[in-house]
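One letter stands for each residue in the lines below.
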Amino acid sequence: MWSQFMKKYLLSIVFISSLMLSNLFAQAEITSRLSDALAEASKDNSTIRSLVILKDQVDINSLDKQLYETKATLEERAYIVITTLQQKANTTQGALIEYLDNKYTDEVSEYRSFWITNMVFVEAVPTVILEMAERNEVAVLDLDAELAWDEPVKREPAAAKIPGGIE
């Protein structure tokens, strides 16, 4: 009697442990710059612009090899590559888009789907970003930092023209 109880107890511990470990390893990578932004935004629950890259990506190298072997024309290559990328995004982004639709306006202020890289741009509060990191279809979350123009090195008029010089 005791041994049956112990077997069931040990099996349940192994089962629960395996579930916990699978969830631990399923977590998406959060880049250090997004992690820093999450810490800052958590103070006042402000939104963060992030890029959510999905795990399931088109194997471009295999597709290229296949198109090369079939001697596809440029038009055929373009059509096949574009439709393959769009189909991948359509079949893999649905659950994430539905999740974002449910959070829209309260916790998600904006999101946009991209098929070329199979990624979704999301502007949301930190809790939503962290919840997305737990999703199985997500591979990497990164900060969508706004780009700034390079400042000029000098802010003075150009030197006078030199006869025969390079302009």
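Residues numbered from 1 in each chain as written. Predicted model: local features only at pLDDT ≥ 70, side-chain atom pairs only at ≥ 80, totals over all residues. Heavy atoms only, no water.

### A word on the nonpolar core
Residues Leu 96, Leu 100, Val 122, Val 128, Met 132 and Leu 141 are the most contacted members of the largest nonpolar core, which totals 24 residues. Sorting the residues of this core by element identifies helix H2 (32-42), strand S2 (48-54), helix H5 (94-103), strand S4 (119-124), helix H6 (126-133) and strand S5 (138-143) as the ones contributing at least two each. Once residues within four sequence positions are removed from consideration, Met 132 is found in contact with Ser 50, Val 52, Leu 96, Tyr 99, Leu 100, Val 122, Val 138 and Leu 141. Val 58, Leu 63, Leu 67 and Ala 72 belong to the second largest nonpolar core, which has 5 residues in total. (Core = buried A, V, L, I, M, F, W, Y, C linked by side-chain atoms within 4.5 Å. Buried < 20%, exposed > 50% of the residue type's maximum accessible area, 1.4 Å probe, protein only. Helix = DSSP H or I, 4+ residues; strand = E, 2+ residues; numbered from the N terminus. Contact = heavy atoms within 4.5 Å.)

### Digging into the environment of Ile 30
Within the secondary structure, Ile 30 sits in strand S1 (residues 29-30). Of the residues examined, Ile 30 reaches a relative accessible area of 25% and is grouped as partly exposed.

### Section: the pattern of salt bridges
Scanning the model with the defined rule gives 10 salt bridges in all. Asp 142 is the salt-bridge partner of Arg 33, the closest N and O atoms lying 3.0 Å from each other. Of the two residues, Arg 33 is situated in helix H2 and Asp 142 in strand S5; the sequence distance between them amounts to 109 residues. Of the charged contacts, one joins Glu 137 and Arg 135 as a salt bridge, the two residues approaching to 2.8 Å between their closest N and O atoms. Taken together, the salt bridges that share partners define one network made up of Arg 49, Glu 123 and Asp 144. (Salt bridge = Lys/Arg side-chain N within 4 Å of Asp/Glu carboxyl O.)

### A short note on H2
Where H2 is concerned, the buried positions are Leu 34, Ala 37, Leu 38 and Ala 41. The buried residues of H2 occupy an angular sector of 105 degrees when projected down its axis, which confines them to one face. Looking at H2, the residues exposed on the side facing more than 90 degrees away from the buried face are Ser 32 and Asp 36. Residues of H2 that are buried in the fold lie against S1, S2, H6 and S5. (Arc of directions from axis to C-beta.)

### Comments concerning the pairing of strand S3 (residues 108-114)
With 6 bridges connecting them, S3 and S4 associate as antiparallel partners. Directly across from Phe 114, in S4, lies its bridge partner Met 119. Taking the residues between adjacent antiparallel strands as the criterion, S3 and S4 are bridged by 4 residues, where Asn 118 takes a positive phi near 55 degrees. (Pairing = 2+ DSSP bridges.)

### A word on the sheet that holds S4
The 5 strands are arranged S1-S5-S2-S4-S3 in an open sheet whose pairing can be described as mixed. Each end of this open sheet is capped by a strand with a single partner; those strands are S1 and S3. As judged from the 6 bridges shared by S2 and S4, these two strands associate in the antiparallel manner. Directly across from Ser 50, in S4, lies its bridge partner Val 122.

### Topic: the packing of H5 against H6
At a minimum axis separation of 12 Å, H5 and H6 run at an interaxial angle of 160 degrees. When the axis of H5 is compared with that of H6, the two are roughly antiparallel. The crossing of H5 and H6 is right-handed. When H5 is examined against H6, the residues Leu 96, Tyr 99, Leu 100 and Lys 103 are found in contact with a partner set consisting of Val 128, Glu 131 and Met 132. (Axes fitted to C-alpha atoms, helices over the stretch in contact; angles between N-to-C directions. Parallel < 35°, antiparallel > 145°, perpendicular 65-115°, else oblique. Left-handed = near helix turned anticlockwise from the far one by under 90°.)

### Let's talk about the packing of aromatic side chains
Counted by the stated rule, this structure contains 1 aromatic pair. Their ring planes at 90 degrees and their centres at 5.8 Å tell us that Tyr 104 and Tyr 111 sit as a pair that is edge-to-face. (Phe/Tyr/Trp six-rings, centres within 6.5 Å; stacked < 30°, edge-to-face > 60°.)

### Here we look at a nonpolar patch on the surface
On the surface, Ile 82, Trp 115 and Ile 116 cluster together to form a nonpolar patch covering roughly 270 Å² of accessible area. Relative to the assigned elements, Ile 82 resides in helix H4 (residues 74-92). (Patch = residues over 30% accessible without salt bridge, like charges linked within 9 Å, V, L, I, M, F, W, Y side chains within 5 Å. Areas by Shrake-Rupley, 256 points an atom, 1.4 Å probe, with all protein chains shown as cover.)

### Some points on unusual backbone geometry
One non-glycine residue, Lys 71, adopts positive backbone phi at about 55 degrees. For Lys 71, the location among the structural elements is in the loop between helix H3 (60-69) and H4. One non-glycine residue with positive phi stands out, namely Asn 118, at about 55 degrees. Structurally, the position occupied by Asn 118 is in the loop between S3 and S4.

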